[in-house]
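Here is how the chains run, residue by residue.
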Amino acid sequence: MNSAIGSEAADSKTVSSNNTSTQQTAAAPSLTDTLTRLGQVIDGRKGGDPEASYVARLFHKGDDAILKKVGEEATEVVMAAKDLRHRLATSSSADPKGLVGEVADLWFHCLIALSNFDLSPADVIAELTRREGLSGIEEKALRKVREREQNGH
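Starting afresh in each chain, residues are numbered from 1 along the sequence in its written order. A pLDDT threshold of at least 70 governs which residues receive local features in this predicted model, and a stricter bar of 80 or more applies before side-chain atom pairs are shown or counted, although totals over entire chains, interfaces and linings include all residues. In computing side-chain values, all of the structure's heavy atoms are included and hydrogens and water are not.

Tell me what's going on with the nonpolar core, and back it up with residues and numbers.
In this structure, I42, V55, F59, I66, F108, L111 and I112 are the most contacted members of the largest nonpolar core, which totals 16 residues. Those elements that place two or more of their residues in this core are helix 2 (31–44), helix 3 (54–61), helix 4 (63–90) and helix 5 (97–116). The biggest single contributor to this core is helix 5, with six residues. Residue contacts follow a heavy-atom distance rule, with two residues in contact if any of their heavy atoms lie within 4.5 Å. What I66 contacts, discounting residues up to four positions off in sequence, is L58, F59, H109, I112, A113 and N116. In this description, a nonpolar core means a group of buried Ala, Val, Leu, Ile, Met, Phe, Trp, Tyr and Cys residues linked to one another through side-chain atoms lying within 4.5 Å. For each residue, the accessible area found with a 1.4 Å probe, counting protein chains only, is set against the maximum for its type, and the residue is called buried under 20%, exposed over 50%, and partly exposed in between. Strands here are runs of E lasting at least two residues and helices are runs of H or I lasting at least four, both read from the DSSP assignment and numbered beginning at the N terminus.

So, in structure tokens, the structure goes:
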């Protein structure tokens, strides 16, 4: 798991606490709120000091470095899932923390990629919302129809 996520996530909690009222609630933040806050922290790292921030360093290196990191993290998710599958098959108990951590790393680096292309978590959430309730087969067929229409066929 990437230790930079912890420091960037800690920064997002600082941003969050600075932007909320003094009244705290017991309810956990929503996934959307968490992704939005983390996206804002990541956006704030653009043009930052590459010596002081892992995210600023990735932005400084450019989109090839960011995209390479997304690919590496995706591979680590696959490896962690296979490892968990193996442990589940050979043991009555297996800890999924490794897989969860790798997925967190992947999501984090995907947020950096989105920010690099001036997109936000809200763009992905809107697309997921649009797809909600559609079967995968139906959604794929609709995409093909749209592609044909865009290409003038």
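Explain helix 5 to me, using residue names and the numbers behind them.
Multiplying one less than the number of residues by 1.5 Å gives the expected span of a helix. With 20 residues, helix 5 extends 29 Å between its outermost C-alpha atoms, agreeing within 8% with the 28 Å of an ideal straight helix rising 1.5 Å per residue. Listed as buried for helix 5 are G101, E102, D105, L106, F108, H109, L111, I112, A113, L114 and S115. Looking at the residues trailing helix 5, positive phi occurs at D118, about 55 degrees.

Break down a nonpolar patch on the surface for me, with residues and values.
Taken together, the side chains of L67, F117 and L119 present a nonpolar region at the surface, about 270 Å² in accessible area. On the secondary structure map, L119 appears in the loop between helix 5 and helix 6 (121–131). Each patch is built from residues lacking any salt bridge and having more than 30% relative accessible area; the joining distance is 9 Å for like charges and 5 Å for nonpolar side chains (Val, Leu, Ile, Met, Phe, Trp, Tyr). Here the open area of atoms and residues is found with the Shrake-Rupley method and a 1.4 Å probe, where only the protein chains shown may cover a residue. Think of a salt bridge as a Lys or Arg side-chain nitrogen and an Asp or Glu carboxyl oxygen that are within 4 Å of each other.

Explain the packing of helix 3 against helix 5 to me, using residue names and the numbers behind them.
Relative placement of two packed helices is described by the angle separating their axes and the distance separating the axes. Orientation is described by lines fitted to C-alpha atoms, with helices fitted over the stretch in contact, and by angles between N-to-C directions that extend from 0 to 180 degrees. Interhelical geometry of helix 3 versus helix 5 gives an angle of 50 degrees and a closest axis separation of 11 Å. With respect to helix 5, the axis of helix 3 lies oblique. Viewed along their axes, helix 3 and helix 5 form a crossing whose handedness is right-handed. Contacts between helix 3 and helix 5 involve Y54, V55, L58 and F59 from the former and F108, H109, I112, S115 and N116 from the latter. Each residue gets one of three labels, nonpolar for Ala, Val, Leu, Ile, Met, Phe, Trp, Tyr, Cys and Pro, charged for Asp, Glu, Lys and Arg, and polar for the others, Gly among them. Tallied by class, the residues present in the contact of helix 3 with helix 5 amount to six nonpolar, three polar and no charged. Working rule for angles: under 35 degrees goes down as roughly parallel, over 145 as roughly antiparallel, 65 to 115 as roughly perpendicular, anything else as oblique. Left-handed describes a crossing whose near helix is turned anticlockwise from the far helix by less than a right angle; the clockwise case is right-handed.

How would you summarise the pattern of salt bridges if you had to cite specific residues and measurements?
Oppositely charged side chains can pair when the atoms bearing their charge come close. Throughout the structure, instances matching the rule amount to six salt bridges. Between K46 and D118 there is a salt bridge; the shortest N-O distance is 2.9 Å. With K46 in the loop between helix 2 and helix 3 and D118 in the loop between helix 5 and helix 6, this pair connects stretches of sequence that are 72 residues apart. The exposure class assigned to K46 is partly exposed, which follows from its relative accessible area of 33%. For E127, the salt bridge goes to R130, with nearest N and O atoms at 2.6 Å. In this pair, E127 and R130 both sit in helix 6, three residues apart, roughly one turn of the helix. On the accessibility criterion, E127 (28% relative accessible area) is partly exposed. Each of K69, E72 and E73 takes part in salt bridges that share partners, so that together they form one network.

Explain the side chain of S53 to me, and be specific about the residues and the numbers.
Its place among the elements puts S53 in the loop between helix 2 and helix 3. Polar contact is the term for a pair of N or O atoms within 3.5 Å; when the atoms are in protein, one must be able to donate a hydrogen and the other to accept it, and sequence-neighboring residues count only if both atoms are side-chain atoms. A polar side-chain atom of S53 sits 3.3 Å from the main-chain amide nitrogen of V55.

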